[in-house]
Amino acid sequence: MFREIRDIIGNGERFLITAHIDPDGDALGSVFSLYWVLDSLRKQPCIYLRDRVPYMYEFLPKPPQVFHGEIPEDQYDAVFALDCGNLFRVGDGYEKLKEMGPVINIDHHTTNETFGIVNIIDAGASSVAEILYRLYKTMKATMSFNVAINLYTAIFTDTGSFRYSNTNSQAFLICEEMTKSGVSPSYVAQMVHENHPKERFLLLGLVLATLETHKSDTIAMAMVTQDMFRRTNTSKEHTEGFVESVKEIRGVDVAVLLREITGSQYKISMRSKGNTDVASICNLFGGGGHRNAAGCTINGTIREVKDRLKEAFKIE
Ligand code: 5GP
Ligand code: MN
């Protein structure tokens, strides 16, 4: 299948590259690395991400133009959908993508719905970047610094800085190779973990004050509201890492963060440490993800949403 994609790239000119809404390090690093590989082959890649790049990933080398908000409608020789469990994850207008060119679906979510003409799904891969690395090797692409730092950051962030259960030997091997291409691990770690604006911590204080635990402190929930964003002059990009912080509590198996989108819609992020499969719980609500990290959107008032979550976790 890598060879099939290599040939599609070899025979084509124009490519659209996209990933999911609320992009994380893997989505961004994957999209940008593919851009630089295609650029080095003198192709015409174009990136669409519904949301703009969160401040913590602004250090990643990206093209001069990235499209946000509205999909640049055109005909492409292929449309790459990266890190998306389903095409819906690209955001509004996703239905049009299939008319714009053959969709190539590259992902590592267990819940992937194989929506592409070509589907490379490896749930054992630490990240989409790991799968792309294999593709680039098949293509004999040069691992320039711009490719290397994007791949490194994608793997570094999707493995929770090499802490989560998806941390495999490939993750280390690829990252080791990327350091040889000039990536400084301490620089990436600083950019990702030690570069937050003060406001983010004011928001974290408000969020931690909402912490509640259930089932003998094995399930922890916290909440972020639009009012908290207003009070601290922050937005959803400042919540990255919050659910992971809650997971740090000893004995907690599942951490849940509820983020108010509107008074009647909440974005739910779940993380688990042990055997609890949060992807299947999020799947109950139409979402998905990985065994230990998943998400979904639930409609209802905060009371209703909490009640539905408590029911899913069998909390009395
Ligand atoms: P996060 O909580 O950081 O938004 O997402 C955690 C993981 O679950 C990521 O791998 C993300 O792609 C996936 N995910 C989050 N929300 C959804 C959703 O609504 N649907 C699906 N299919 N996956 C999601
Ligand atoms: Mn990913």
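Note that the coordinates shown come from a computational prediction; the quantities given were computed from them, not determined experimentally.

Undergrad: Account for the overall build of the protein, with residues named and values stated.
TA: Regarding its fold elements, the protein presents 12 helices and 11 strands. Compactness check: the protein gives a C-alpha radius of gyration of 19 Å against a globular reference of 20 Å for 316 residues, within 12% of the reference. For the protein, the spread of C-alpha atoms along the principal axes amounts to about 60 × 40 × 35 Å. Scored against the burial criterion, the 316 residues of the protein give a buried share of 55%. Restricting to contacts in the protein with at least 6 residues of sequence separation, those with at least 24 account for 64%. Accessible area for the protein stands at about 14,100 Å²; split by element, carbon and sulfur atoms hold 49% of it. Where the 34 positive side-chain charges of the protein centre and where its 40 negative ones centre are 3 Å apart.

Undergrad: Break down the side chain of glutamate 237 for me, citing the residues and quoting the values.
TA: Mapped onto the elements of the fold, glutamate 237 is located in the loop between helix H9 (226–232) and helix H10 (242–247). The residues touching glutamate 237, leaving out its near neighbours within four places in the chain, are Arg52, Pro54 and Tyr55.

Undergrad: Got a sec to walk through the sheet that holds strand E10 (residues 288–289)? Specific residues and values, please.
TA: Here six strands make up an open sheet; going across it, the order is E6-E7-E8-E9-E11-E10 and the pairing mixed. Strands with a single pairing partner mark the edges of an open sheet, and in this sheet they are strand E6 (212–214) and E10. Relative to strand E7 (residues 219–224), E6 runs antiparallel, the two sharing three bridges. Bridge pairing links threonine 213 to alanine 220 in E7.

Undergrad: Please provide a residue-by-residue account of the packing of aromatic side chains, values included.
TA: Per the stated rule, a full pass over the model turns up seven aromatic pairs. An angle of 90 degrees between the planes, with centres 5.0 Å apart, marks the rings of tyrosine 35 and tryptophan 36 as edge-to-face. The same class applies to tyrosine 35 as to tryptophan 36, namely buried.

Undergrad: So what's going on with the site of ligand 1? Residues and values would help.
TA: Around ligand 1 lies a shell of 14 residues, among which Arg89, His109, Lys267, Ser269 and Arg271 are the nearest. Arginine 89 places a polar side-chain atom, nitrogen or oxygen, 3.0 Å from an oxygen atom of ligand 1. Residue arginine 271 places a side-chain N or O atom 2.7 Å away from an oxygen atom belonging to ligand 1. For ligand 1, the accessible surface in isolation is 490 Å², of which the surrounding protein chains cover 84%.

Undergrad: Give me helix H8 (residues 198–208): which residues, what numbers.
TA: Two residues of an α-helix separated by three or four positions point the same way, owing to the 3.6 residues in each turn. Taken residue by residue, H8 has Arg200, Leu203, Leu204 and Val207 as its buried positions. For H8, the arc enclosing every buried residue in end-on projection is 105 degrees, short of the 170-degree limit, so these residues lie on one face. Taken together, the buried residues of H8 touch E7, H9, H10 and strand E8 (254–262).

What counts, and at which threshold
Residues numbered from 1 in each chain as written. Chains lettered and ligands numbered in written order. Predicted model: local features only at pLDDT ≥ 70, side-chain atom pairs only at ≥ 80, totals over all residues. Heavy atoms only, no water. Helix = DSSP H or I, 4+ residues; strand = E, 2+ residues; numbered from the N terminus. Rg over C-alpha atoms; globule rule 2.2 N^0.38 Å. Buried < 20%, exposed > 50% of the residue type's maximum accessible area, 1.4 Å probe, protein only. Contact = heavy atoms within 4.5 Å. Areas by Shrake-Rupley, 256 points an atom, 1.4 Å probe, with all protein chains shown as cover. Lys, Arg positive; Asp, Glu negative; His and termini not counted. Charge placed at Lys NZ, Arg CZ, Asp CG, Glu CD. Pairing = 2+ DSSP bridges. Phe/Tyr/Trp six-rings, centres within 6.5 Å; stacked < 30°, edge-to-face > 60°. Near = heavy atom within 4 Å. Polar contact = N/O pair within 3.5 Å; in protein donor to acceptor, adjacent residues only side chain to side chain. Arc of directions from axis to C-beta.

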